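# Commentary on secondary and tertiary structure
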Amino acid sequence: MEARINSTIIEVLKGDITQSQLECIVNAANTSLLGGGGVDGAIHRAGGKEILDECIRIRNKQGNCPVGEAVITTGGKLKAKFVIHTAGPVWNNGENNEPEKLRNCYINTLSLAMLYEIRSISFPNISTGIYRYPKDQAAEIALKSVLDFVKTNSGIKRVQFVCFDEDNERIYQEKLKAYL
Ligand code: ADP
């Protein structure tokens, strides 16, 4: 499903983010930036060595990527020109400022995308896999953060939420409808 907020289309779909046709995809990375399981592994496998080489260069310069922050690399062999890597919070019963950290992932990623004049971007459901963030709460934060951002920033024309499982797809669709 799709919705329009000012001049931005917000889209929820089910699929594999490595197949996205948009200009930029987002990686739910870890602070090491050196790859891992889940969507991170899939992006590095599909995008090839160029992405990891750039991650290593960034890491050599600035060290780990703190939770909630974001860095940008090439898309390598992906259709996407860029990958923005953001380190999501590990769910710890909500006792570790996880909501604020997860919101920062979305806001810092979108701010970096604006800096690179990116017009279209695909997000995975950050932190809801290996990091065990409750899907309902994560979706609420993801949608609210992105909708707030595009209400006041008009550069990004399309934002996709690429859900990998049916639960997330249903949750995102329900919540997006409720926001309209
Ligand atoms: P995290 O460590 O942030 O929880 P995961 O990669 O384990 O990262 O999971 C984040 C989300 O990405 C989960 O909802 C998972 O189902 C989803 N995911 C895994 N592989 C893909 C893929 N190829 N495309 C899109 N989403 C994916």
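The text that follows walks through the structure, step by step, so that each part is easy to find.

Here is what the cut-offs are and how they apply
- Residues numbered from 1 in each chain as written.
- Predicted model: local features only at pLDDT ≥ 70, side-chain atom pairs only at ≥ 80, totals over all residues.
- Heavy atoms only, no water.
- Helix = DSSP H or I, 4+ residues; strand = E, 2+ residues; numbered from the N terminus.
- Rg over C-alpha atoms; globule rule 2.2 N^0.38 Å.
- Buried < 20%, exposed > 50% of the residue type's maximum accessible area, 1.4 Å probe, protein only.
- Contact = heavy atoms within 4.5 Å.
- Areas by Shrake-Rupley, 256 points an atom, 1.4 Å probe, with all protein chains shown as cover.
- Lys, Arg positive; Asp, Glu negative; His and termini not counted.
- Charge placed at Lys NZ, Arg CZ, Asp CG, Glu CD.
- Pairing = 2+ DSSP bridges.
- Axes fitted to C-alpha atoms, helices over the stretch in contact; angles between N-to-C directions.
- Near = heavy atom within 4 Å.
- Polar contact = N/O pair within 3.5 Å; in protein donor to acceptor, adjacent residues only side chain to side chain.
- Nonpolar A, V, L, I, M, F, W, Y, C, P; charged D, E, K, R; others polar.
- Salt bridge = Lys/Arg side-chain N within 4 Å of Asp/Glu carboxyl O.

## Here's the deal with the overall build of the protein
- Secondary structure assignment for the protein yields 5 helices and 7 strands.
- Its helices and strands in sequence order give the protein the pattern β-β-β-α-α-β-β-α-β-α-β-α, from N to C terminus.
- For the protein, the C-alpha radius of gyration of 15 Å lies close to 16 Å, the compact-globule estimate for 180 residues.
- For the protein, the spread of C-alpha atoms along the three principal axes comes to 45 × 35 × 30 Å.
- Within the span of the protein, comprising 180 residues, buried residues form 48% of the whole.
- Residue pairs in contact within the protein that sit at least 24 positions apart in sequence constitute 70% of those at least 6 positions apart.
- A total accessible area of about 8,500 Å² is found for the protein, and carbon and sulfur atoms account for 48% of it.
- With 22 positive and 21 negative side-chain charges, the protein shows a separation of 4 Å between the mean positions of the two kinds.

## Quick word on the sheet that holds strand β1 (residues 2–5)
- An order of β1-β2-β7-β6-β3-β5-β4 is seen for the 7 strands of this open sheet, with the pairing classed as mixed. On the outer flanks of this sheet lie β1 and β4 (70–74), each paired with one strand and no other. Averaged over all pairs of adjacent strands, the angle between strand axes in this sheet comes to 25°, irrespective of strand direction.
- Here strand β6 (residues 120–123) runs beside strand β7 (residues 158–163); their pairing, made up of 4 bridges, is parallel. Opposite F123, over in β7, you have F161 as the bridge partner.
- This element, helix α2 (residues 49–62), spans β4 and β5 (82–87) of the sheet and lies at about 140° to β4.
- Its contacts with the sheet put helix α4 (residues 135–152) on β1, β2 (8–14), β6 and β7, and the angle it makes with β7 is roughly 170°.

## A look at the site of the ligand
- In the vicinity of the ligand, 16 residues are found, and the nearest of them are V39, S127, T128, G129 and I130.
- In the environment of the ligand, a nitrogen atom lies 2.9 Å from a nitrogen or oxygen atom belonging to the side chain of D16.
- Out of a free accessible area of 570 Å², the ligand has 92% covered by protein chains.
- Examining the composition of the shell around the ligand, we find that 3 residues originate from one element, helix α1 (residues 38–47), more than from any other.
- Partitioning the shell around the ligand into residue classes produces 7 nonpolar, 7 polar and 2 charged.

## Looking at the pattern of salt bridges
- Counted by the stated rule, this structure contains 10 salt bridges.
- In this structure, R103 and D148 form a salt bridge, with 3.7 Å as the shortest nitrogen-oxygen distance. Within this pair, whereas R103 is found in helix α3 (residues 98–115), its partner D148 is found in helix α4, the two being separated by 45 residues in sequence.
- The partner of D165 in a salt bridge is K135, and the shortest N-O contact between them spans 3.4 Å.

Note that all results are geometric; they support no functional claim without further evidence.
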